[in-house]
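# Structure assessment
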Amino acid sequence: MASDATSRIENGTLHLAGVLDRDAVVALWPQLAKSLGPLRQLDLQALERVDSAGLALLAEVAARLRANGGGDILGDPADLAELRAAYRLAPDLDFNTSPAES
């Protein structure tokens, strides 16, 4: 199945649109891995839906954001909140650690 997901980087913001599923990740990651420079923001406002493969891509991009000094994640596509909870990710897509786990 072909994916309709798209990405573009503009002024330090990675904009993602469409459905970020396994097919989209397979199609998008090779080009993103080469072109991700110092990002300041991740814009998810045009994403319709995310699956667990999409979450993995988002978590990697968010880690790069944090490595560049942080940044905002804009938007909350369908399924993202549930996936974050299932994988114990914070709103910035970093792993939550409780004081007992540290």
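The present account deals with the structure reproduced in this document. (Residues numbered from 1 in each chain as written. Predicted model: local features only at pLDDT ≥ 70, side-chain atom pairs only at ≥ 80, totals over all residues. Heavy atoms only, no water.)

Take the sheet that holds strand β1 (residues 6-10) next. The strand order across the open sheet formed by four strands is β1-β2-β3-β4, and the pairing between neighbours is mixed. The sheet is open, and its two edges are formed by β1 and β4 (72-74), each paired on a single side. Between one strand and the next, the sheet's axes are offset by a mean angle of 15°, whatever the strand orientation. With five bridges connecting them, β1 and strand β2 (residues 13-20) associate as antiparallel partners. Looking at the pairing, T6 lines up with A17 of β2. In this fold helix α1 (residues 22-35) packs onto β1 and β2, with an angle of close to 170° to the strand it touches most, β2. Against the sheet, helix α2 (residues 52-67) contacts β2, β3 (41-50) and β4, and its axis sits at roughly 175° relative to β3. (Pairing = 2+ DSSP bridges. Helix = DSSP H or I, 4+ residues; strand = E, 2+ residues; numbered from the N terminus. Axes fitted to C-alpha atoms, helices over the stretch in contact; angles between N-to-C directions. Contact = heavy atoms within 4.5 Å.)

What follows is about the nonpolar core. In terms of nonpolar packing, the biggest core is built from 24 residues, with L14, L16, L20, L42, L57 and L58 touching the most fellow members. Of all the secondary-structure elements, those providing two or more residues to this core are β2, α1, β3, α2 and α3 (80-86). It is α2 that contributes the most residues to this core, six residues altogether. The contacts of L14, once residues within four sequence positions are left out, are S7, R8, I9, L32, L36, L39, Q41, L42, D43 and V61. (Core = buried A, V, L, I, M, F, W, Y, C linked by side-chain atoms within 4.5 Å. Buried < 20%, exposed > 50% of the residue type's maximum accessible area, 1.4 Å probe, protein only.)

Among the eight residues in β2, seven count as buried, and that is most of the element. A loop of two residues connects β1 with β2, the two strands running antiparallel in sequence, and N11 in this loop sits at a positive phi of about 50°. Sheet topology note: the β2/β3 ladder contains seven bridges and is parallel. When the sheet's bridge partners are listed, L20 is paired in β3 with V50. Where the polypeptide runs from β2 across α1 and back to β3, its parallel neighbour, the crossover connection is right-handed. (Right-handed = clockwise from strand over helix to strand, strands pointing away.)

Spatial relationships are all this shows, so hold off on functional conclusions.
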